[in-house]
Amino acid sequence: TRKDWEGLHLEVGGETDDDFTHHGHDQSVAIGGRGERWRLSLGAGHLYRDALLASDRDWADDNTSDVLGNPAGFFVPAQMGIVPDPDCGSVPGSTVSESGFCTYDFGAQSDLLSEHETLATYGYGEYDLTDHTSAFTELGYSRMRLMATTTPSFGVLPQVTVPGDHVDNPFGEDVYFVGRLLPAEAGSGAAAQGDDTFRGVLGLRGDFEDAAPDTFLEPWTWELFGSWSASRF
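Throughout this document, residue positions are counted from 1 along each chain, in the order its sequence is written. With the structure being a predicted model, the display of local features is reserved for residues of pLDDT at least 70 and the display and counting of side-chain atom pairs for 80 or more, all residues being used for whole-chain, interface and lining totals. Think of the side-chain values as coming from all heavy atoms in the structure, minus any hydrogens and water.

Student: Could you clarify how one ought to interpret the pairing of strand β3 (residues 38–49) in this entry?
Tutor: Strand residues, when the strand is regular, have side chains that alternate between the two faces of the sheet. Any two strands between which DSSP finds at least two bridges are classified as paired. We count a stretch as a helix when DSSP gives it H or I for four or more residues in a row; a strand needs E for two or more, and each element gets its number in order from the N terminus. Here strand β2 (residues 23–34) pairs with β3 via 11 bridges, running antiparallel. Considered in β3, the bridge of aspartate 26 is made with leucine 47. Taking the residues that link successive antiparallel strands as the turn, the β2-β3 hairpin has three residues.

Right under this line is the structure:
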């Protein structure tokens, strides 16, 4: 946001963790110039950071506590309660919890930090039309892209009936499925997000030093501008 300066400013940075499983880097540049009647400033910054999965951190890796998976469980009316899927142990990472649910460790399929990239640019220019009036403009653009790693499917399906004669129903009566739609074998889901924002300003500014000397208006300044912006998410 510097508007009246000369020079070139560069910054480069990087980051990683102690076991080199998570990385990021950023770069920025700013250029300023000025002449007898003009000022110009341009800048840009870029940041990239890769994903950090829950499985990369011991304290976040165990997500089995009542996190329903697939296979999960069934509400069996004859038993008035939730019965784990008989095939619960056949899926690596699945286990029967103390509450009787078939849970699954989704740590490897969810992230603590999502992979993301941002780019931001800014430009400012000003030109003196007279000794007391200047025209100026601002232009800005920012771009964000994010890719989140998620579990194969969200939430628990509400009261999905499995008929008693269904080939996968071992209970011999209608039961309710309690679990996720997709199993762990479906792989991780991906949620992409993006944002593009534009901004432009064009205006005039000045003072009353020459137009109204020796009056209360002399120290005052004025500014007239129009702005336009748009954001697409």
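Student: Can you walk me through the environment of arginine 37 in this structure?
Tutor: Turning to its location among the elements, arginine 37 is positioned in the loop between β2 and β3. For every residue, the accessible area obtained with a 1.4 Å probe (protein chains only) is divided by the maximum for its type, and the residue is called buried under 20%, exposed over 50%, and partly exposed between those limits. By relative accessible area, which is 28% here, arginine 37 ends up partly exposed. Along the sequence, arginine 37 and threonine 130 sit 93 residues apart, while their C-alpha atoms lie 8.9 Å from each other. Contacts are assigned to residue pairs with any non-hydrogen atoms lying within 4.5 Å of each other. Dropping the residues within four chain positions of it, arginine 37 is found in contact with Glu126, Tyr127, Asp128, Leu129, Thr130 and Asp131.

Student: It is not clear to me how the state of the cysteines should be interpreted in this structure. Could you clarify?
Tutor: Should the sulfur atoms of two cysteines be covalently bonded, the bond is a disulfide. The rule for a disulfide is simple: a pair of cysteine sulfur atoms within 2.5 Å. For the coordinates displayed, the defined rule picks out one disulfide. Here cysteine 88 engages in a disulfide with cysteine 102; their sulfurs sit 2.1 Å apart. On the sign convention where negative means left-handed, the S-S torsion of about 90° between cysteine 88 and cysteine 102 marks this disulfide as right-handed. Of the two residues, cysteine 88 sits in the loop between β6 (81–84) and β7 (94–96) while cysteine 102 sits in strand β8 (residues 102–104), which places them 14 residues apart along the sequence. Taking the relative accessible area as the measure of exposure, cysteine 88 reaches 3% and is therefore buried. The exposure class of cysteine 102 is buried, given its relative accessible area of 0%.

Student: Looking at this structure, how should I read the sheet that holds strand β14 (residues 189–207)?
Tutor: What links the strands of a sheet is backbone hydrogen bonding, and the strands pair in either a parallel or an antiparallel sense. Strands sit in the order β1-β2-β3-β10-β11-β14-β15 across an open sheet of seven strands; the sheet is antiparallel. The sheet is open, and its two borders are formed by β1 (7–16) and β15 (221–232), each paired with just one other strand. Strand after strand, the sheet turns through a mean of 5° between neighbouring axes, direction not considered. Pairing analysis gives 12 bridges linking β3 to strand β10 (residues 115–128), with the strands arranged antiparallel. Within the sheet, the bridge partner assigned to histidine 46 lies in β10 and is leucine 119. For helices, the fitted line uses only the C-alpha atoms of the stretch in contact; every axis is such a line through C-alpha atoms, and the angle between N-to-C directions lies from 0 to 180 degrees.

Student: Would you explain the sheet that holds strand β13 (residues 175–178) in this entry?
Tutor: Spatially, the four strands line up as an open sheet ordered β6-β5-β13-β12, and their pairing is antiparallel. In the strand order of this sheet, the two ends are held by β6 and β12 (160–162), each with one partner. The average angle at which neighbouring strand axes cross in this sheet is 40°, direction not considered. Pairing of strand β5 (residues 73–76) with β6 involves four bridges; the strand directions are antiparallel. When the sheet's bridge partners are listed, valine 76 is paired in β6 with glycine 81.

Student: What is the right way to look at the packing of aromatic side chains in this model?
Tutor: Two measures describe an aromatic ring pair: the distance that separates the ring centres and the angle between the ring planes. Aromatic pairs are defined between Phe, Tyr and Trp rings, using the six-membered ring for Trp, whenever the two ring centres lie within 6.5 Å; interplanar angles under 30 degrees are classed as stacked, those over 60 as edge-to-face, and all others as tilted. On inspection of all chains with the given rule, the structure shows four aromatic pairs. Aromatic pair phenylalanine 74 and phenylalanine 177: ring centres 5.8 Å apart, planes at 65°, arrangement edge-to-face. Of this pair, phenylalanine 74 sits in strand β5 while phenylalanine 177 sits in strand β13, placing them 103 residues apart in sequence. The exposure class assigned to phenylalanine 74 is buried, which follows from its relative accessible area of 6%.

Student: Would you explain the pattern of salt bridges in this entry?
Tutor: It is possible for side chains of opposite charge to pair when their charged atoms get near one another. Note on definitions: salt bridges are taken to be side-chain nitrogens of Lys or Arg within 4 Å of carboxyl oxygens of Asp or Glu. Scanning the model with the defined rule gives 10 salt bridges in all. A salt bridge links glutamate 126 to arginine 39; the nearest nitrogen and oxygen atoms lie 3.4 Å apart. Here arginine 39 lies in strand β3 and glutamate 126 lies in strand β10, a separation of 87 residues in the sequence. Each member of the pair glutamate 126 and arginine 39 is classed as buried. In this structure, arginine 205 and glutamate 126 form a salt bridge, with 3.3 Å as the shortest nitrogen-oxygen distance. With a gap of 79 residues between them, arginine 205 in strand β14 and glutamate 126 in strand β10 connect regions that are remote in the sequence. A residue is classified by how much of its surface remains accessible, and glutamate 126, at 13% relative accessible area, is buried. Bridged by salt links that share partners, the residues Arg39, Glu126, Asp128, Arg205 and Glu223 form one connected network.

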